[in-house]
Amino acid sequence: MSSLGRLHLITDTRPGRDPLAVLRAALPVARGELVVQVRVGDDATDREAYDLARRVVALCARHDATCLVNDRLHVALAVGAAGGHVGAHDLPVGAARRVLGSTAVLGATAREPGAAAEAVAAGASYLGVGPFRPTRTKDGLPPAIGVGGVRAVAEAVTVPVVAIGGVTAADVRALRAAGAYGVAVVGALSGAADPARATTELLGALTC
């Protein structure tokens, strides 16, 4: 899937964050290199997820970017997103593939080679691999796997591997050398004073 963007932005809907403002800053810079994954908190209603995803799809369409929806695949279908992403506690990859159809983009979370290979065999288009380092943007994450863990998964599969978990622009070169196709970020953009500039720095590191 060479057309998949290398920079994945996961929406940050924690109190005090404005995911749409961050997206509006990042999209004109990244355009087709941006994949936006709509992720909401467990306490968010389906209607809230739908309203956010619908707006993200519309913004992405203006810049040829890709919109995916995390976990809530019915919302992905309802808003016409390009696909979805499932984690370890979401629908199994094979079931998610049946829900989304054969042509949708389907990401799956993996942290070790065996599970990664199984996810690909079940229909995953790409893998989100991590956490690369400890992060506080999501509760209940397993221990960090570092560059070595990312490399082990990348060597076991042929689909794009996207490293996630506390990734900064300074980490990108080492992750790319380890076989990562791209990176997924939350705080590196949502917590940036200038999200457009942070996007430029991440893209520069990804393409150098």
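Visitor: Pulling in residues and values, what's your account of the packing of helix H1 (residues 19–30) against helix H9 (residues 195–207)?
Guide: Packed helix pairs are specified by the crossing angle of their axes together with the interaxial distance, meaning the distance between the axes. The interhelical angle for the contact between H1 and H9, taken along N-to-C directions, is 40°, at an axis separation of 8 Å. Here H1 is positioned oblique relative to H9, judged by the angle of their axes. Crossing geometry of H1 relative to H9 is assigned as right-handed. Taken together, the residues of H9 that come into contact with H1 (itself represented by Val22, Ala25, Ala26, Val29 and Ala30) are Pro195, Ala196, Thr199, Thr200 and Leu203. Classifying every residue of the contact of H1 with H9 gives eight nonpolar, two polar and no charged.

Visitor: Would you mind going over the sheet that holds strand S1 (residues 7–10) in detail, with residue names and values included?
Guide: Ordered by their spatial adjacency, eight strands build a closed barrel running S1-S2-S3-S4-S5-S6-S7-S8, and the pairing between neighbours is parallel. Neighbouring strand axes in the sheet, compared pairwise and without regard to direction, differ in orientation by 25° on average. Here helix H4 (residues 93–100) sits on the sheet in contact with strand S4 (83–86) and strand S5 (105–110), set at roughly 165° to S5. Each of S1 and strand S8 (182–185) is contacted by H9, which is oriented at about 145° to S1, the strand it contacts most.

Visitor: So what's going on with the packing of H1 against helix H2 (residues 46–62)? Which residues, and what values?
Guide: The interhelical angle for the contact between H1 and H2, taken along N-to-C directions, is 10°, at an axis separation of 11 Å. Relative to H2, the element H1 lies roughly parallel. Mapping the contact onto sequence places Pro19, Leu20, Leu23, Arg24 and Leu27 in H1 and Leu52, Arg55, Val56, Leu59 and Cys60 in H2. Taken together, the residues that form the contact of H1 with H2 break down as eight nonpolar, no polar and two charged.

Visitor: So what's going on with the environment of Glu33? Residues and values would help.
Guide: Position of Glu33 relative to the elements: it lies in the loop between H1 and strand S2 (34–38). Judged by its relative accessible area of 30%, Glu33 is partly exposed. Note: C-alpha distance between Glu33 and Arg6 (27 residues apart in sequence) is 5.5 Å. The residues touching Glu33, leaving out its near neighbours within four places in the chain, are Gly5, Arg6, Leu7 and Leu203.

Visitor: Describe the nonpolar core, listing the residues and the values that go with them.
Guide: In this structure, Leu34, Val56 and Leu127 are the most contacted members of the largest nonpolar core, which totals 60 residues. The contacts of Val56, once residues within four sequence positions are left out, are Leu20, Leu23, Val36, Val38 and Cys67. The next biggest cluster of nonpolar side chains, apart from the first, holds 10 residues, and it includes Leu68, Val162, Ala184 and Val186.

Analysis parameters
- Residues numbered from 1 in each chain as written.
- Predicted model: local features only at pLDDT ≥ 70, side-chain atom pairs only at ≥ 80, totals over all residues.
- Heavy atoms only, no water.
- Axes fitted to C-alpha atoms, helices over the stretch in contact; angles between N-to-C directions.
- Helix = DSSP H or I, 4+ residues; strand = E, 2+ residues; numbered from the N terminus.
- Parallel < 35°, antiparallel > 145°, perpendicular 65-115°, else oblique.
- Left-handed = near helix turned anticlockwise from the far one by under 90°.
- Contact = heavy atoms within 4.5 Å.
- Nonpolar A, V, L, I, M, F, W, Y, C, P; charged D, E, K, R; others polar.
- Pairing = 2+ DSSP bridges.
- Buried < 20%, exposed > 50% of the residue type's maximum accessible area, 1.4 Å probe, protein only.
- Core = buried A, V, L, I, M, F, W, Y, C linked by side-chain atoms within 4.5 Å.

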